[in-house]
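Secondary and tertiary structure notes
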Amino acid sequence: MRVLRPSLSGVLRSPAVLLLLTSIVPVSVLAQECTAGNAPHGAWLYDVTDEAHPRLISEDPADPARTRLNVPDGFNYTWDTISGQSPSQDTHCGIANPAHCRDAGVYPPSLTPQDPPPDPNVQPPLPNVGKNSFCNQGGRFGAHSSTELFYPPYYGKLAIVSWFVGGVRVFDIRNPDAARPIAYFIPAPNDTGCGPRGGPSPGPGCTFANTGRDNHMVNTIHTNNVELDDRGYIYIADRAGTGMHILRLTGEARRAVSGDAGRSEQEASDGHPLPDYPPYGSHVPTAHFDHTVRPQLIPPPPKMMCPVLSASCTDVRPAQSAWNMELVGYDTLDGRSTYQPLVVRQGNRYIAYMAHHAGTAINRLTLASETNGTSILDVTYSAHPVYLAHIPGPGGSLDAAGNQMAHVCSGDILPSNTPAEAARKHSHYYLLRSNGNSSGSANPGAESHQIFDVTDPAHPVLLTTVAPQLTNTHKNWWECDTGIAFLVANDSSLASPRPGLAPGWHQSGSNQHVKIYNLHDPANPEYIRDFGFVGQQPNVGDAVEGLVSPPTGIHGPISAGKEKNRVYLPYGVGSNAVVEIVDREELLTGCTAADASAHCATSPTQQEMLAPQTGWFTLPGLTLQGGHTSFPIFGEEDGKPRNLLLVVSED
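Residues numbered from 1 in each chain as written. Predicted model: local features only at pLDDT ≥ 70, side-chain atom pairs only at ≥ 80, totals over all residues. Heavy atoms only, no water.

Moving on: the overall build of the protein. A count of helices and strands for the protein gives eight helices and 36 strands. When burial is assessed residue by residue, the protein has 63% of its 651 residues classed as buried. Here the contacts in the protein between residues at least 6 apart in sequence split such that 66% fall between residues at least 24 apart. Working note: accessible area of the protein is about 21900 Å², and carbon and sulfur atoms make up 56% of it. (Helix = DSSP H or I, 4+ residues; strand = E, 2+ residues; numbered from the N terminus. Buried < 20%, exposed > 50% of the residue type's maximum accessible area, 1.4 Å probe, protein only. Contact = heavy atoms within 4.5 Å. Areas by Shrake-Rupley, 256 points an atom, 1.4 Å probe, with all protein chains shown as cover.)

Written out as structure tokens, the structure reads:
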């Protein structure tokens with residue numbers, strides 16, 4: 001087998017970068033984390049100005065605090081290990097030595113043990129200020145996703161990342177070579193009463209998928225995803241049913257965006273300019289990076305549910321805590337587990353589309369029990385969200401159901417081929433959502449991507465199903481100014497014939513690749529092609545890139561639009577990460593070229609898979625990290641272009 005190792009992959013072979021990789025976590029720790037099946041998952045900044053040679057940014061290769069956007073245990077800069085034990089026990093609160101959880105700083109998913117409450121007959125009350133506070137929550141602590149929209153004034157100034165039980169964390173990246181933490185917000189656990197502490201079952205009216213991981217975490221908060229609106233508000237969604245929190249920056253974090261975040265005090269109006277940056281337009285703001293070395297800030301410890309542990313107060317979880325952020329508004333979302341928040345300006349209103357994981361809950365508007373789908377709220381007045389509607393989703397387990405992703409486009413922004421089409425779409429709004437998640441080995445699958453007319457967001461109407469009988473649907477991306485949609489899915493081999501049927505694609509781990517459609521006319525989807533990482537195509541060639549063959553599946557693409565002509569595709573989710581950068585125009589037109597193969601769209605050749613690729617790289621930690629989100633930041637420094645990629649691995 002021929003192994004392609006283009007010059008950009010030399011980033012993994014150079015001594016300097018090997019030093020950098022091992023400096024992120026000591027080699028012994030990497031080995032122990034691998035043995036335990038867990039890893040510290042974080043976020044990284046890459047310099048991708050030269051796409052053929054992406055560079056992990058680091059001011060000091062010997063200083064882990066400069067190689068990732070991460071504060072591992074929440075409140076210091078070190079990867080704490082348990083010294084003095086045998087190698088098999090020298091883990092981060094891992095399988096080998098869970099009894100030493102209170103001594104460790106990184107907590108693996110699912111397997112995290114809880115520290116026992118103090119026994120008043122054995123020891124006096126203790127201050128609950130230890131760095132093990134996240135360990136006690138019995139859930140996932142680590143990065144998951146960043147904001148994905150290109151909203152100024154945050155763009156290129158702040159990196160905003162969800163951190164599961166660590167809430168949402170904000171980093172100042174104006175000087176990318178000396179990034180620093182600048183804000184965080186940790187919601188109060190279980191505001192809704194769904195999943196009371198001390199019991200494995202959720203509260204009345206709230207049910208969760210029957211999986212070990214998610215039943216284990218209903219006693220805490222799990223900030224799953226985070227997003228912005230064009231007023232500057234920050235929205236976080238909770239995986240454990242605690243609802244939606246609407247935040248804004250304060251203090252030094254607010255000053256970092258030069259006061260422009262004050263636009264959040266404005267009410268929406270028809271005269272307020274519509275966003276023209278991705279995904280709503282193709283104009284990407286320019287970030288202006290500098291060399292200013294600002295003081296590194298030490299995040300304060302969180303408030304605790306029980307500041308002092310005693311026989312009468314044994315709750316070891318953090319209470320609602322904030323640093324340079326404040327809570328503006330809140331909604332329970334009826335206790336539904338939530339993945340992606342999206343807030344869209346529709347006329348003079350701001351409408352939130354909250355995409356849910358699987359589960360069931362009582363719809364407050366109808367009092368009916370409904371399977372989780374998409375909640376729609378009016379957040380024009382952020383302090384007082386108004387619940388408008390819930391679109392139920394398919395039933396099933398966490399891995400098979402839910403409607404986890406949402407994008408919304410205006411019919412007046414979507415292009416039209418005819419005046420009649422433009423007239424038909426005028427003043428309408430359309431919701432594209434993933435429908436279901438993974439039917440596993442079912443053949444044909446039960447998943448799809450759906451489009452609803454949400455012109456009246458209180459009364460959504462199903463318009464069409466883009467592609468039925470899929471499996472493994474997940475994070476879509478929809479360019480409103482072009483209509484191009486990148487849909488994550490996999491095709492069933494026994495699906496009914498339809499445009500865009502492309503069975504036989506290969507992947508390991510997450511069984512997903514990209515299906516590309518033109519949805520300029522949402523009622524009439526137009527198939528373009530399927531795409532993924534080389535080695536995923538049905539007729540596998542001899543090229544191998546990345547860490548495993550076949551490659552891991554994609555999680556969710558982000559397009560920088562026609563102006564920048566790039567699409568960023570992270571693969572691997574939680575392990576075996578590889579990030580691919582592709583030429584958007586070449587990707588979209590490659591299968592209509594005169595020399596394209598007969599089945600390029602559904603079964604491209606190896607060369608047709610490689611043709612759009614301009615660069616790729618794997619993450620530090622190699623098999624221990626995955627590609628969940630890859631967000632591009634186009635900028636300049638000293639009058640020269642400097643482009644970054646914010647990459648987040650899922651814990």
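Still more to cover.
Enumeration according to the criterion identifies 23 salt bridges in this entry. Measuring nitrogen to oxygen at the nearest pair gives 2.9 Å for the salt bridge that ties R642 to D47. One end of the pair, R642, is in strand 36 (residues 640-648); the other, D47, is in strand 1 (residues 43-47), with 595 residues separating them in the sequence. Owing to a relative accessible area of 10%, D47 belongs among the buried residues under this scheme. As a salt-bridge pair, R345 and D230 come within 2.7 Å of each other at their nearest N and O atoms. With R345 in strand 16 (residues 338-346) and D230 in the loop between strand 9 (223-228) and strand 10 (234-238), the pair connects residues that are 115 residues apart, well separated along the chain. Taken as a pair, R345 and D230 share a single burial class, namely buried. Here the residues in one salt-bridge network are D47, R55, D177, E637 and R642, joined through shared partners. (Salt bridge = Lys/Arg side-chain N within 4 Å of Asp/Glu carboxyl O.)

Checked against the element boundaries, H356 lands in strand 17 (residues 349-356). The buried category is assigned to H356, whose relative accessible area is 0%. Reaching out from H356, the side chain makes a polar contact with the side chain of T338 at a distance of 3.1 Å. (Polar contact = N/O pair within 3.5 Å; in protein donor to acceptor, adjacent residues only side chain to side chain.)

If you trace the four strands from one edge of the open sheet to the other, you get 22-23-24-25, paired in antiparallel fashion. Across the chains shown, the open sheet's two edge strands, defined by having one partner strand only, are strand 22 (406-410) and strand 25 (461-465). Taken over all neighbouring pairs, the strand axes of this sheet differ in orientation by 25 degrees on average, direction set aside. (Pairing = 2+ DSSP bridges. Axes fitted to C-alpha atoms, helices over the stretch in contact; angles between N-to-C directions.)

To continue, consider the confidence of the model for the protein. When the pLDDT values of the protein are averaged, the result is 78; 73% of them are 70 or greater. In the model, residues 71-116 has pLDDT below 50 throughout and makes 123 contacts with residues more than four positions away in sequence or in other chains. (pLDDT = per-residue confidence, 0-100.)

This brings us to the environment of M244. Among the structural elements, M244 can be located in strand 11 (residues 244-249). For M244 and D331, which are 87 residues apart along the polypeptide, the C-alpha to C-alpha distance reads 5.3 Å.

Once that is clear, we can look at the pairing of strand 6 (residues 168-172). Residues in a regular strand project their side chains so that they alternate between the two faces of the sheet. Burial analysis of strand 6 places five of its five residues in the buried class, which makes it a mostly covered element. Burial of the side chains of strand 6 extends over both faces: V168, V170 and D172 are buried on one face and R169 and F171 on the other. In this sheet, strand 6 lies alongside strand 5 (residues 158-164) in antiparallel orientation, the contact comprising five bridges. Each residue of the ladder has a partner; that of I160, found in strand 6, is V170. In sequence, strand 5 turns back onto strand 6 through a hairpin of three residues, with G167 there showing a positive phi of about 75 degrees. Alignment of strand 6 against strand 7 (residues 180-186), held across five bridges, turns out to be antiparallel. Counted as the bridge partner of D172 is R180 from strand 7.

Here we come to the state of the cysteines. Inspection of the entire model under this criterion finds three disulfides. One disulfide in the model links C306 with C313; its S-S distance is 1.9 Å. Looking along the S-S bond of the C306-C313 disulfide, the torsion reads about -95 degrees, which is the left-handed sense. C313 sits in the partly exposed class, given a relative accessible area of 24%. What pairs with C409 in a disulfide is C480, and their sulfur atoms sit 2.0 Å apart. Between C409 and C480 the disulfide shows an S-S torsion of about -85 degrees. By sign, it is left-handed. Here C480 lies in the loop between strand 27 (477-478) and strand 28 (484-491) and C409 lies in strand 22, a separation of 71 residues in the sequence. What makes C480 buried here is its relative accessible area of 1%. (Disulfide = S-S within 2.5 Å.)

Judged by nonpolar contacts, the single largest core of 114 residues is most densely connected at Y46, L158, I160, M325, Y353 and F486. A per-element tally of this core places strand 28 first, with six residues. Discounting chain neighbours no more than four positions away, the residues touching Y46 are P54, R55, L56, I57, F617, T618, L619, P620, N643, L644, L645 and V647. Grouped together as the second largest cluster of nonpolar side chains are 14 residues, Y235, A237, V379 and Y387 included. (Core = buried A, V, L, I, M, F, W, Y, C linked by side-chain atoms within 4.5 Å.)

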